[in-house]
Amino acid sequence: QVQLVESGGGLVQAGGSLRLSCAASGNIVSIDAMRWYRQAPGKQRELVAASNNGGASTFYAASVKSRFTISRDNAKLTAHLQMNSLKPEDTAVYYCNADLSTGPLRTYRYWGQGTQVTVSS
């Protein structure tokens, strides 16, 4: 059973930092793109950061650029989102999303269950 599990969420004061982790498990042959999304109450889910297979190409939403950093360790099947200078508007459930391959022509997109991040003012 392939799955993604996030961890590292919590409550932090504005200006603080959190580091989210995403661990993939199961019969995984390789990992392609990995992404972090977030969804605040009453809002649509939005893409926050993304990394390609090698990690050389990354994307950041304008609202988090220069504050958040996505990283990954393919050998350990993990990805991280370092979040600095957090603001109350960063409060949301954060989801890990990844394209995981379990064999030839078997690459599917998986979602984690989400981890809550709350930033107090």
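Residues numbered from 1 in each chain as written. Predicted model: local features only at pLDDT ≥ 70, side-chain atom pairs only at ≥ 80, totals over all residues. Heavy atoms only, no water.

### Topic: the state of the cysteines
Spelled out, the test is: Any two cysteine sulfur atoms within 2.5 Å of one another count as a disulfide. Only DSSP runs of H or I reaching four residues or more are called helices, and only runs of E reaching two or more are called strands; each is numbered from the N terminus. Throughout, exposure labels follow a simple rule: accessible area from a 1.4 Å probe, protein chains only, divided by the maximum for the residue type, with under 20% read as buried, over 50% as exposed, and the rest as partly exposed.
This structure, assessed with the given rule, holds one disulfide. Between the sulfur atoms of Cys 22 and its disulfide mate Cys 96 the distance is 2.0 Å. What sets the handedness of the Cys 22 and Cys 96 disulfide is the S-S torsion sign, and at about -75° it is left-handed. Residue Cys 22 is located in strand S3 (residues 18-25), and its partner Cys 96 is located in strand S9 (residues 92-101); the two are separated by 74 residues in the primary sequence. Pair check on accessibility: Cys 22 and Cys 96 agree, each one buried.

### Here we look at the environment of Glu 46
Basically, it comes down to this: The contact criterion used is simple: two residues touch if any of their non-hydrogen atoms lie within 4.5 Å. What qualifies as a polar contact is a pair of N or O atoms within 3.5 Å, subject to a donor-acceptor requirement within protein and to the restriction that residues adjacent in sequence count only when both atoms come from side chains.
With respect to the helices and strands, Glu 46 occurs in strand S5 (residues 46-51). We classify Glu 46 as partly exposed; its relative accessible area is 32%. Separated by ten residues in the primary sequence, Glu 46 and Trp 36 have C-alpha atoms spaced 8.7 Å apart. Once residues within four sequence positions are removed from consideration, Glu 46 is found in contact with Trp 36, Tyr 37 and Arg 38. A polar contact is formed between the side chain of Glu 46 and the side chain of Arg 38, at a distance of 2.6 Å.

### Focus on the side chain of Thr 78
Mapped onto the elements of the fold, Thr 78 is located in strand S8 (residues 78-83). Leave out the neighbours within four places in its chain, and Thr 78 touches Cys 22, Ala 23, Met 34, Arg 72 and Asp 73.

### Notes on the nonpolar core
What counts here: Here, the term nonpolar core denotes a set of buried Ala, Val, Leu, Ile, Met, Phe, Trp, Tyr and Cys residues that are joined through side-chain atoms within 4.5 Å.
One finds Trp 36, Phe 68, Leu 81, Met 83, Tyr 94 and Leu 100 to be the most contacted residues of the largest nonpolar core, which totals 30 residues. Of all elements in the fold, only S3, strand S4 (30-39), S5, strand S7 (68-73), S8, S9 and strand S11 (115-120) reach the threshold of two or more residues within this core. If one sorts the elements of this core by residue count, S9 sits on top with five residues. Those residues within four positions of Phe 68 in sequence are excluded, and the remaining contacts are Arg 38, Val 48, Tyr 60, Leu 81, Gln 82, Met 83, Asn 84, Leu 86, Asp 90 and Tyr 94.

### Points about the packing of aromatic side chains
This is how the line gets drawn: Here the aromatic set is Phe, Tyr and Trp, taking the six-membered ring for Trp, and pairing holds for ring centres within 6.5 Å; pairs whose planes are under 30 degrees apart are stacked, those over 60 apart are edge-to-face, and all others are tilted.
Scanning the model with the defined rule gives two aromatic pairs in all. Ring geometry for Tyr 37 against Trp 111: centres 4.8 Å apart, planes inclined by 55°, an arrangement best described as tilted. Note that Tyr 37 is positioned in strand S4 and Trp 111 in strand S10 (residues 107-111), a separation of 74 residues in sequence. Taking relative accessible area as the criterion, Trp 111 reaches 38% and is therefore assigned partly exposed. An angle of 85° between the planes, with centres 6.3 Å apart, marks the rings of Tyr 95 and Trp 111 as edge-to-face. Taken together, the residues Tyr 95 in strand S9 and Trp 111 in strand S10 connect sequence positions 16 residues apart. These aromatic residues form a ring-pair network of at least three members: Tyr 37, Tyr 95 and Trp 111.

### What to know about the pattern of salt bridges
Rules: What makes a salt bridge here is a side-chain nitrogen of Lys or Arg within 4 Å of a carboxyl oxygen of Asp or Glu, nothing more.
If you walk through the whole model with that rule in mind, you get five salt bridges. In this structure, Arg 35 and Asp 99 form a salt bridge, with 2.8 Å as the shortest nitrogen-oxygen distance. Taken together, the residues span a long stretch of sequence, with Arg 35 in strand S4 and Asp 99 in strand S9 at a distance of 64 residues. Pair check on accessibility: Arg 35 and Asp 99 agree, each one buried. A salt bridge links Arg 38 to Glu 46; the nearest nitrogen and oxygen atoms lie 2.6 Å apart. Its relative accessible area of 6% is what places Arg 38 among the buried residues. One connected set of salt bridges, linked through shared partners, spans Arg 38, Glu 46, Arg 67 and Asp 90.

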